[in-house]
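# Examining the three-dimensional arrangement
The primary structure of each chain is shown beneath.
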Amino acid sequence: MTKYYQYCCSCRSWCMAFFLLVLLLSFVLIFGVVAQAAAASADYARFPPPGQIYTVTVRGQRLRLHMHCQGPAGGGTVILEHGGGANSLSLLALATELARARRTC
């Protein structure tokens, strides 16, 4: 009985089981990452964000900003920046109201 116990629960069998578990979890993780990337790419192609890319120069550095602008082009421009984990939809009502008199981005 002692020999069976030593053979059944040897270090080699535990190491092999651990290796197979890590290998299986790695395949699941890689599959999830690839599936998420493919789905995000398909969603981006199907539902592109509104607006366009603007190039702005700040202190001699050229920056590319993605903005959705509305309102008359003449006069000053009001740029609204969302924060705190929000997106541009949180400022949509304010932007629409401001766009009546000023260009709002």
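Each remark here, short or long, concerns the structure printed above.
As a starting point, this report considers the structure included with it. (Residues numbered from 1 in each chain as written. Predicted model: local features only at pLDDT ≥ 70, side-chain atom pairs only at ≥ 80, totals over all residues. Heavy atoms only, no water.)

## Observations concerning the environment of Leu 92
Residue placement: Leu 92 occurs in helix 3 (residues 92-98). Take Leu 92: its relative accessible area is 42%, and that puts it in the partly exposed class. Between the C-alpha atom of Leu 92 and that of Leu 80, which follows or precedes it by 12 residues, the distance is 9.7 Å. (Helix = DSSP H or I, 4+ residues; strand = E, 2+ residues; numbered from the N terminus. Buried < 20%, exposed > 50% of the residue type's maximum accessible area, 1.4 Å probe, protein only.)

## Overview of a nonpolar patch on the surface
Among the surface-exposed residues, Met 16, Phe 19, Leu 20, Leu 23 and Phe 27 lie close enough to one another that they form a single nonpolar patch of about 500 Å² accessible area. By the secondary structure assignment, Leu 20 is in helix 2 (residues 11-46). Assessed through its relative accessible area of 47%, Leu 20 is described here as partly exposed. (Patch = residues over 30% accessible without salt bridge, like charges linked within 9 Å, V, L, I, M, F, W, Y side chains within 5 Å. Areas by Shrake-Rupley, 256 points an atom, 1.4 Å probe, with all protein chains shown as cover. Salt bridge = Lys/Arg side-chain N within 4 Å of Asp/Glu carboxyl O.)

## Focus: the pattern of salt bridges
Per the stated rule, a full pass over the model turns up one salt bridge. In this structure, Arg 100 engages Glu 97 in a salt bridge whose closest nitrogen and oxygen atoms are separated by 3.3 Å.

## Some points on the layout of surface pockets
Estimated volume of the largest pocket: approximately 520 Å³. Along its surface, the largest pocket is lined by 18 residues, and Met 67, His 68, Leu 80, Ser 88 and Cys 105 are the ones closest to its centre. Among the elements of the structure, strand 2 (61-67) and helix 3 are those that each provide at least two residues to the lining of the largest pocket. With three residues, strand 2 is the largest single contributor of residues to the lining of the largest pocket. For the lining of the largest pocket, the class distribution of residues is 11 nonpolar, six polar and one charged. (1 Å grid on protein atoms, 1.4 Å probe; cavity = no way out; pocket = protein on both sides within 12 Å on 5 of 7 lines; lining within 4 Å. Points joined across faces, edges and corners; volume = space filled by probe spheres on them. Nonpolar A, V, L, I, M, F, W, Y, C, P; charged D, E, K, R; others polar.)

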